[in-house]
Amino acid sequence: MSTKPLRGGASNEAFSGRTMFIFAAIGSAVGLGNIWRFPYVAYDNGGGAFLIPYLVALLTAGIPLLMLDYAVGHRYRGSAPLAYRRLHPKLEAIGWWQLGICVIISLYYAIILAWAMQYTIFSFTKAWGDDPAAFFMSDYMQVSEEVTISFNFIWPVFIATAIAWLALLVVLMMGVQKGIGRINAILIPLLVVMFLIMVGIALTLPGAAGGLDALFTPSWEALGDSSVWVAAYGQIFFSLSVGFGIMITYAAYLKPKSDLTGSALVVGFANSSFEILAGIGVFAALGFMAAAAGTGVGDVATSGIGLAFIAFPTIISEAPFGVLIGVLFFGALAFAGFTSMISIVEVIVAGFRDKLGLSRRTAVAVVVIPLAAVSLLFFPTTTGLNLLDVTDAFVNNFGIVAAALVSVLMLTAGFSALPTLRDHLNSVSSFKLGRTWMIVAGAVTPVVLGYMLIDQLTLNLAEGYNDMPAWFVNVFGWGMAGSLVVIAYLLSKLPWSRRTAAAFTSPAPSVQDAYLDRDLLTQDKSFTHYRDTAMRSPALDQDYSLRAIQHGTVVHQRAPWDEGKATADDAPASRSAGQPTHDNHEGGAR
């Protein structure tokens with residue numbers, strides 16, 4: 001058995017253990033949407049009754065999709081483009097599509113992180129004064145009345161955004177374990193402690209009980225409304241970081257023997273627990289705000305930017321311990337945003353690192369510096385808020401949803417890969433999966449995603465988007481979403497660098513299709529894309545490659561977790577020692 005070291009590629013790095021991976025995965029999932037989106041979505045869709053479709057969505061879509069991403073990343077051990085390419089060469093474009101989505105999100109995510117950082121400081125002096133709405137829109141962001149693109153920079157916001165990008169650059173330069181793993185292991189526990197303290201204070205405010213009543217009082221008739229169920233699935237889908245390459249990339253950094261399904265359960269329930277905690281804290285504070293203003297909770301309840309940067313500053317100005325509430329709330333928002341942004345940009349770094357065969361630091365510089373330049377050019381300006389609004393809506397509704405729908409359809413109806421991925425999950429996990437997982441991941445999820453996509457598509461085509469000019473929406477909305485697909489296809493056609501062995505070796509066999517790959521199957525040939533696919537499966541310690549099946553040989557290529565171990569001399573591999581035969585090769589006709 002010959003041994004060759006892997007050269008380059010994102011898969012050369014690994015988390016030290018499952019705990020670091022779980023912290024990183026939770027850090028990605030727990031983001032801005034948990035704090036400023038979930039509370040209002042729950043309130044607006046049946047209150048306490050919303051928790052029923054929310055739990056159903058978590059169990060039938062969120063966690064199954066999380067496991068699906070883990071299986072692809074861990075089995076094929078690469079960035080999203082490389083993992084999909086290894087699964088089947090025709091699927092590489094899906095990985096680049098997901099990577100492109102991360103590019104767009106990272107551009108505007110940095111400025112929201114900058115706002116949270118600055119508002120943490122503003123909380124000490126309550127710099128927004130008596131009118132937080134006017135302060136944010138006119139004084140702080142200086143929002144232009146004209147919806148266009150300008151380069152009138154808001155320098156305090158520009159500087160804060162640059163600091164956010166610099167901090168991100170430093171963390172990613174430090175690598176997977178020392179950078180991503182450690183920063184999440186520090187910030188996630190700190191984030192939870194900060195939010196628990198804030199929630200504890202909010203619960204003592206006058207009117208807090210009224211806010212909680214508004215949030216948790218069930219409206220049972222809402223369960224008969226299909227839009228409520230779609231809202232529940234949408235919240236789960238967007239908050240768990242599934243469908244756009246993050247969890248595929250992180251799972252590739254896990255060691256071979258890692259409990260994937262158990263980790264998915266921990267991450268899924270931890271994310272939902274934090275959302276409920278956020279809902280309690282936010283609506284307790286909104287209850288105080290409503291009581292102070294002499295209005296109902298419904299009159300002050302809002303979400304997104306309005307909740308974080310207008311409603312909460314109002315609460316901070318009036319509440320006892322307002323400064324402490326402000327520092328804890330905006331500090332938690334900044335921490336949640338930063339850990340999510342790390343995961344978003346890591347998808348891009350890993351993809352180009354694999355494609356070009358770059359070292360970690362070179363890849364980080366090649367990716368982060370141009371991203372920061374574009375972000376700083378377009379978003380910390382007087383027209384940046386409108387641009388953020390359009391790109392965020394379209395990259396979520398017509399980017400993430402569409403890419404996830406296509407990927408799930410390709411893995412199910414297209415290539416029947418679910419049995420193979422299920423078996424991989426079961427080979428390393430404590431919680432075993434069966435036909436139920438395949439049904440919810442391959443049947444329920446596509447139906448829900450398809451409904452969400454069609455619903456948003458018809459709504460935007462019929463009514464436009466937020467009364468914005470058609471040219472603006474066509475260029476930065478529809479044009480951006482469409483261009484991601486075109487660019488993804490073109491990138492998939494570019495050759496992979498010969499400087500990285502990851503381009504030509506796969507730790508597991510591709511899933512072959514009886515129709516698309518009929519020539520290879522009938523002629524008993526391997527994929528031309530893989531000059532030598534022979535490498536043992538890290539999970540099963542077996543070689544399933546076509547080359548080994550045909551010739552009875554195994555080429556064991558040393559992986560990161562094998563460094564320092566003794567290796568065996570070249571020797572033919574015996575089929576009786578656990579090597580599969582051509583008859584049981586998973587790439588056969590379905």
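Residues numbered from 1 in each chain as written. Predicted model: local features only at pLDDT ≥ 70, side-chain atom pairs only at ≥ 80, totals over all residues. Heavy atoms only, no water.

Caption draft 1: Looking closely at the environment of G234. Relative to the helices and strands, G234 is located in helix 11 (residues 226-239). Remark: the alpha-carbon pair of G234 and M452, spanning 218 residues in sequence, is separated by 7.8 Å. (Helix = DSSP H or I, 4+ residues; strand = E, 2+ residues; numbered from the N terminus.)

Caption draft 2: A look at helix 7 (residues 132-140). Among the residues of helix 7, those classed as buried are P132, F135, F136 and Y140. Projection of helix 7 onto a plane perpendicular to its axis shows the buried side chains occupying an angular sector of 95 degrees, all on one side. Against helix 6 (92-125), helix 8 (155-173), helix 15 (304-318) and helix 18 (384-414) lie the buried residues of helix 7. A positive backbone phi angle near 50 degrees is found at Q142, which sits one or two residues after helix 7. (Buried < 20%, exposed > 50% of the residue type's maximum accessible area, 1.4 Å probe, protein only. Arc of directions from axis to C-beta. Contact = heavy atoms within 4.5 Å.)

Caption draft 3: Inspection of the environment of G450 at higher detail. Inspection of the secondary structure puts G450 in helix 20 (residues 435-463). For G450, a relative accessible area of 13% gives the class buried. Remark: the alpha-carbon pair of G450 and A404, spanning 46 residues in sequence, is separated by 9.8 Å.

Caption draft 4: Looking closely at the layout of surface pockets. Approximately 1500 Å³ is the volume attributed to the largest pocket. In terms of lining, the largest pocket is formed by 50 residues, of which the most central are R37, F238, D392, N396 and N397. It is helix 18 that contributes the most residues to the lining of the largest pocket, nine residues altogether. Broken down by class, the residue content of the lining of the largest pocket amounts to 24 nonpolar, 20 polar and six charged. (1 Å grid on protein atoms, 1.4 Å probe; cavity = no way out; pocket = protein on both sides within 12 Å on 5 of 7 lines; lining within 4 Å. Points joined across faces, edges and corners; volume = space filled by probe spheres on them. Nonpolar A, V, L, I, M, F, W, Y, C, P; charged D, E, K, R; others polar.)

Caption draft 5: Seen up close, the nonpolar core. The biggest cluster of nonpolar side chains holds 183 residues, and the ones touching the most others in it are Y70, W115, L286 and V345. Top contributing element to this core by residue count: helix 6, with 19 residues. Setting aside chain neighbours within four positions, we find W115 in contact with F136, Y140, M141, V157, I305, F309, L385 and L388. (Core = buried A, V, L, I, M, F, W, Y, C linked by side-chain atoms within 4.5 Å.)

Caption draft 6: Main features of the environment of Q177. Tracing the backbone shows Q177 in helix 9 (residues 176-203). Judged by its relative accessible area of 18%, Q177 is buried. In the structure, Q177 is positioned 160 residues away from G17 in sequence and 9.2 Å away in space, judged by C-alpha atoms. In this view, Q177 contacts A14, F15, S16, M20 and R182; residues no more than four positions away in its chain are not counted. Of note is the side chain of Q177, whose polar atom sits 2.8 Å from the backbone nitrogen of S16. (Polar contact = N/O pair within 3.5 Å; in protein donor to acceptor, adjacent residues only side chain to side chain.)

Caption draft 7: Structural detail: a nonpolar patch on the surface. Judged by side-chain polarity, V193, I197, F321 and L324 come together as a nonpolar surface patch covering roughly 380 Å² of accessible area. Take L324: it is sitting in helix 16 (residues 322-356). On the basis of relative accessible area, L324 is assigned to the partly exposed category, the value being 38%. (Patch = residues over 30% accessible without salt bridge, like charges linked within 9 Å, V, L, I, M, F, W, Y side chains within 5 Å. Areas by Shrake-Rupley, 256 points an atom, 1.4 Å probe, with all protein chains shown as cover. Salt bridge = Lys/Arg side-chain N within 4 Å of Asp/Glu carboxyl O.)

Caption draft 8: Focus on the pattern of salt bridges. One pass over the full model with this rule turns up six salt bridges. A salt bridge links E13 to R360, with the shortest nitrogen-to-oxygen separation between them at 2.8 Å. Of this pair, E13 sits in the loop between strand 1 (2-5) and helix 1 (18-29) while R360 sits in helix 17 (residues 360-378), placing them 347 residues apart in sequence. The two residues E13 and R360 agree in class, both being buried. Note that E92 and K355 form a salt bridge whose closest N and O atoms lie 3.0 Å from each other. On the criterion of sequence distance, the pair formed by E92 in helix 6 and K355 in helix 16 is long-range, its members being 263 residues apart. Each member of the pair E92 and K355 is classed as buried. Within this structure, E13, E346, R353 and R360 form a network of salt bridges that share partners.

Caption draft 9: Focus on the packing of aromatic side chains. Summed over the entire model, instances satisfying the criterion amount to 40 aromatic pairs. Considering the side-chain rings of Y40 and Y43, the 6.1 Å spacing of their centres and the 45 degrees angle between planes classify their relative orientation as tilted. In this pair, Y40 and Y43 both sit in helix 3 (residues 38-44), three residues apart, roughly one turn of the helix. Since its relative accessible area comes to 25%, Y40 is described here as partly exposed. Plain terms: the ring middles of F394 and F398 are 5.3 Å apart, the flat faces sit at 45 degrees to each other, and that makes the pair tilted. Within this pair, F394 and its partner F398 are both found in helix 18, separated by four residues, close to a single helical turn. Taken individually, F394 and F398 each receive the classification buried, so the pair is uniform in this respect. Taken together, the aromatic side chains of W36, W115, Y119, F122, W128, F135, F136, Y140, F309, F312, F329 and F330 make up a single cluster linked through ring pairs. (Phe/Tyr/Trp six-rings, centres within 6.5 Å; stacked < 30°, edge-to-face > 60°.)

This is a description of form; function is not addressed.
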